[in-house]
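Structural overview for review
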Amino acid sequence: MRLRGWMLALAGFGALTAVATAQDLKSPSSDQYVPRLGDIMGAAQTRHQKLWLAGKAQNWELAAYELRQLKASLVEAAVFYSGIPVGNVTTLEPSLQSMSDALTAKDGRKFAKAFGDLTEGCNTCHRSMKRNFVVMKVPSDQAPFANQQFAPPSKP
Ligand code: HEC
């Protein structure tokens with residue numbers, strides 16, 4: 001159910017890319033503010049790491065929220081940047097679905113597996129877009145986000 005918005009966005013995007021063929025990473029002409037792709041990816045990186053930290057802390061509610069945010073970043077990248085082949089985005093779909101299922105099941109093992117697959121999906125696209133120097137990995141124990149609590153909030 002949560003994936004519905006994502007699927008709809010992808011379906012719409014598929015129709016768009018059928019006509020947009022230019023291998024162009026520049027933003028489309030638009031009067032609206034369009035974030036730079038690197039900025040969208042920076043947000044994806046933040047969410048990717050927070051998803052991990054929340055999942056490890058078994059805060060499934062926060063993890064589900066971070067997953068939604070992460071999906072939104074990926075959809076944004078696909079919608080704004082027509083040079084990104086749609087296949088690069090849709091290949092992430094199974095691992096996003098597995099992640100969603102793992103969070104619903106509150107299953108730490110499935111979560112870790114889905115996270116690895118998802119991370120590999122990030123790198124598959126980076127490699128295919130000549131950004132193979134951007135290598136994502138499952139975060140090490142080190143937590144750079146010292147400004148946020150990742151354990152579930154204590155009950156009032
Ligand atoms: C559909 C293709 C695609 C997918 C999927 C993708 N990326 Fe990217 N990513 C790119 C491209 C293209 C760039 C280079 C952007 C640029 O050069 O401005 C990039 C750049 C980045 C950067 C470097 C940004 C910076 O300024 O340092 C990070 C970090 C990043 N991606 C994280 C991720 C994460 C995390 C995921 C998976 C959750 C992911 N990306 C999935 C295409 C993708």
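Fair warning: this is a prediction, and the values are worked out from it, not measured in the lab. (Residues numbered from 1 in each chain as written. Predicted model: local features only at pLDDT ≥ 70, side-chain atom pairs only at ≥ 80, totals over all residues. Heavy atoms only, no water.)

This next bit is on the confidence of the model for the protein chain. Mean pLDDT for the protein chain: 80, with 76% of residues reaching 70 or above. Per-element mean pLDDT across the protein chain ranges from 43 in helix α1 (residues 3–19) up to 96 in helix α5 (residues 93–104). Under a pLDDT of 50 for its full length, residues 1–24 has, in the predicted model, 28 contacts with residues more than four places off or in other chains. (pLDDT = per-residue confidence, 0-100. Helix = DSSP H or I, 4+ residues; strand = E, 2+ residues; numbered from the N terminus. Contact = heavy atoms within 4.5 Å.)

Time to look at the environment of Met41. Checked against the element boundaries, Met41 lands in helix α2 (residues 37–56). Judged by relative accessible area, which is 30%, Met41 ranks as partly exposed. Residues Met41 and Leu70, spaced 29 residues apart in sequence, show a C-alpha to C-alpha distance of 9.5 Å. Residues in contact with Met41, not counting those within four places in the same chain, are Ala77 and His126. (Buried < 20%, exposed > 50% of the residue type's maximum accessible area, 1.4 Å probe, protein only.)

Let's shift gears to unusual backbone geometry. We note that Lys106 has phi near 50°; this positive angle belongs to a residue other than glycine. Turning to its location among the elements, Lys106 is positioned in the loop between α5 and α6 (108–128). According to the relative accessible area criterion, Lys106 is exposed, its value standing at 55%. Backbone geometry at Lys130 places phi at a positive 60°, although glycine is not the residue there. Within the secondary structure, Lys130 sits in the segment after α6.

So, about the coordination of the iron atom of the ligand. Ideal geometry at a metal centre: 109.5 degrees between donors when four sit tetrahedrally, and 90 or 180 degrees when six sit octahedrally. At this site the iron atom of the ligand is bound by Met41 (SD) and His126 (NE2), with donor distances of 2.0 to 2.4 Å. Each of the six donor atoms around the iron atom of the ligand contributes to a set of angles spanning 87 to 179°, which defines the coordination as octahedral. Of this pair, Met41 sits in helix α2 while His126 sits in helix α6, and the two are 85 residues apart along the sequence. (Donors = N, O, S within 2.8 Å, 3.2 Å for Na, K, Ca; no water. Tetrahedral: all angles 85-135°; square planar, octahedral: opposite > 155°, others 65-115°.)

We now examine the nonpolar core. Ranked by internal contacts, the top residues of the largest apolar core, which has 21 residues, are Leu51, Met99, Leu103 and Phe111. For this core, the secondary-structure elements that each account for two or more residues are α2, α3 (60–80), α5 and α6. When residues of this core are assigned to their parent elements, the largest contribution, seven residues, is made by α3. Counting residues in each nonpolar core, the second largest holds ten residues, with Leu37, Tyr81, Val89 and Cys125 among its members. (Core = buried A, V, L, I, M, F, W, Y, C linked by side-chain atoms within 4.5 Å.)

The next thing to look at is the site of the ligand. Within the structure, the ligand sits among 18 residues, and Met41, Cys122, Cys125, His126 and Arg131 are positioned closest to it. One of the side-chain N or O atoms of Arg131 is found 2.9 Å from an oxygen atom in the ligand. Here the ligand occupies the largest pocket. The leading source of residues in the shell around the ligand is α2, at five residues. Grouping the amino acids of the shell around the ligand by side-chain chemistry returns twelve nonpolar, five polar and one charged. (Near = heavy atom within 4 Å. Polar contact = N/O pair within 3.5 Å; in protein donor to acceptor, adjacent residues only side chain to side chain. 1 Å grid on protein atoms, 1.4 Å probe; cavity = no way out; pocket = protein on both sides within 12 Å on 5 of 7 lines; lining within 4 Å. Sits in = over half its atoms within 2 Å of the grid points. Nonpolar A, V, L, I, M, F, W, Y, C, P; charged D, E, K, R; others polar.)

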